[in-house]
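Observations on chain architecture
Residue-level listing of the chains:
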Amino acid sequence: MHVTPPSPPPSAVPAPSAVPAPSAGSAPPAPRAVAPRFVPDAALGLEGRPPRGRPASLVRAFGPLAPLVADEAVTDVFVNGGRGTFVDRGGGALPEPSVHLSEAAARDLAVRLVAAGGRHVDEASPCVDVRLGRGVRVHVVLPPVSTTGTLLSVRLPRPRPLALDDLRAAGLFDDVGAAGLDLVLRLVADRANLLVTGAGGAGKTTLLGALLGEADPGDRIVTIEDVAELVVRRPHVVSLEARQANLEGAGGVDLARLLREALRMRPDRLVVGECRGAEVRDLLAALNTGHDGGAGTLHANGLAEVPARLEAVGAVAGLAPAALARQAVSAVDAVLHVERTPAGRRLARVGRLRLDGDRLEAVPW
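Presented here is a report on the structure given in the accompanying data block. (Residues numbered from 1 in each chain as written. Predicted model: local features only at pLDDT ≥ 70, side-chain atom pairs only at ≥ 80, totals over all residues. Heavy atoms only, no water.)

**Thoughts on the overall build of the chain**
When you go through the chain residue by residue, the secondary structure sums to 11 helices and 16 strands. Taking all 365 residues of the chain together, 47% fall into the buried category. By sequence separation, contacts in the chain at least 24 residues apart represent 55% of the contacts at least 6 residues apart. Approximately 17000 Å² of the chain is accessible, and the part contributed by carbon and sulfur atoms is 54%. (Helix = DSSP H or I, 4+ residues; strand = E, 2+ residues; numbered from the N terminus. Buried < 20%, exposed > 50% of the residue type's maximum accessible area, 1.4 Å probe, protein only. Contact = heavy atoms within 4.5 Å. Areas by Shrake-Rupley, 256 points an atom, 1.4 Å probe, with all protein chains shown as cover.)

**Notes on the sheet that holds strand β5 (residues 93-95)**
With respect to topology, six strands assemble into an open sheet ordered β5-β4-β3-β8-β7-β6, the strand pairing being antiparallel. Of all strands in the sheet, those with a lone pairing partner are β5 and β6 (127-132), marking the two edges. Pairwise comparison of adjacent strand axes, ignoring direction, gives a mean angle of 20° for this sheet. The strands touched by helix α4 (residues 103-116) are β3 (76-80), β6, β7 (136-141) and β8 (151-155); relative to β6, the strand with the most contacts, the crossing angle is about 60°. (Pairing = 2+ DSSP bridges. Axes fitted to C-alpha atoms, helices over the stretch in contact; angles between N-to-C directions.)

**With respect to the packing of helix α8 (residues 255-262) against helix α9 (residues 279-287)**
Packing of α8 against α9 leaves a shortest axis separation of 8 Å and a crossing angle of 25°. The orientation of α8 relative to α9 falls into the category roughly parallel. Note on packing geometry: the crossing formed by α8 with α9 is left-handed. Between α8 and α9, the residues in contact are L255, A256, L259 and R260 and E279, D282 and L283, respectively. Among the residues making up the contact of α8 with α9, the classes are represented as four nonpolar, no polar and three charged. (Parallel < 35°, antiparallel > 145°, perpendicular 65-115°, else oblique. Left-handed = near helix turned anticlockwise from the far one by under 90°. Nonpolar A, V, L, I, M, F, W, Y, C, P; charged D, E, K, R; others polar.)

**Remarks on the nonpolar core**
Of all hydrophobic cores here, the largest spans 34 residues; its most connected members are I224, V306, L310 and L353. Those elements that provide at least two residues to this core are β10 (221-225), α8, β12 (269-272), α9, α10 (306-316), α11 (321-331) and β16 (359-364). In terms of residue count, the dominant contributor to this core is α9 (five residues). Counting residues in hydrophobic clusters, the runner-up holds 31 residues, among them V87, L113, L142 and V154. (Core = buried A, V, L, I, M, F, W, Y, C linked by side-chain atoms within 4.5 Å.)

**Regarding the environment of D190**
In this structure, D190 sits in the loop between α6 (177-189) and β9 (194-198). Given the relative accessible area of 56%, D190 is considered exposed. Once the C-alpha coordinates of D190 and G293 are considered, the two residues, 103 residues apart in sequence, prove to be 7.8 Å apart.

**Considering helix α7 (residues 204-212)**
Judged by how many residues are buried, α7 sits mostly within the fold: seven of nine residues are covered. Restricting attention to buried positions, one finds in α7 the residues K204, L207, L208, G209, A210, L211 and L212.

**Brief notes about the sheet that holds strand β15 (residues 344-356)**
The strand order β11-β10-β12-β13-β9-β14-β15-β16 describes an open sheet built from eight strands, whose pairing is mixed. Only two strands of the sheet have a single partner each, and these edge strands are β11 (237-241) and β16. With strand direction ignored, the average angle separating the axes of adjacent strands in the sheet is 25°. The sheet contact formed by β10 and β11 spans five bridges and is parallel. Counterpart to T223 in the pairing with β11 is S239. Docked against the sheet, α6 engages β9, β12, β14 (334-341) and β15, running at close to 60° with respect to β15.

Here it is as structure tokens:
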């Protein structure tokens, strides 16, 4: 008996159809809204029970990748054109033989996901970053910028944000021991300003969310991110997300602007998801003028490299190294550096910033 698949619920993420590559000299056609591809609940392990974990409506929007997105252990999915799919379940990106997309299928899926996030991707705008649902980050790069076909990178937050106890059980604090964990808890309780550093995918956002989950429940926490990923298990949390300019170059709202707006919202804790440009100037100024308990993240390869990264980011904001060094030492109480190791994500070092003459340096706590 043929059974017509049910329509997705109203909360489903809409997904436009694929947009064929425009011919030379022609304008790209506008996307046409269609329903997302249906993936049977049985194939996702959802049949006969209410959806748990990631919403089924969100999962279905990923079409051929739906079984991977439904897997709660998956943190990242990478589609490399027609050259294969890779999946990270916490131990590094590994080939996934169960899913293989052709170049045409990868492009079709990429275009639909970007449109579901309210943006458009084509040869004129070949690199796009969007958010779907609660913090699912989708990044797309199209040819000719990508020389290996359509590249699709999906960052999947855990359905349930991890608490500090979960991270301890997973071994995050093994390298620093009980004394290191006690120090971190004391820093949060004392409303220290924290800078969480590490490479991409090292667990900076996960650790920061867990630490903020230990804050006073009465604190008003304002988070500012380029793409909203941070999940904090506290009752009074508000989130601001940057917006990229449209095709005409209008309507963009960057992190520096959001930070200035957040300062007018009377935050008890001010959090910047990632410092990468002019916002570092405003963040350091805010943390130096009575906004304690704040936090931010920064890409860095190690604790010793944090000063150089801050100087590079400060240069974008027009800060001289000496001026940045003085502000950073006064604003940042502790640096928590996380690393991704073969054994898993680890808090590698707890350090602090200090001045050596006019030069900034980071030293172990």
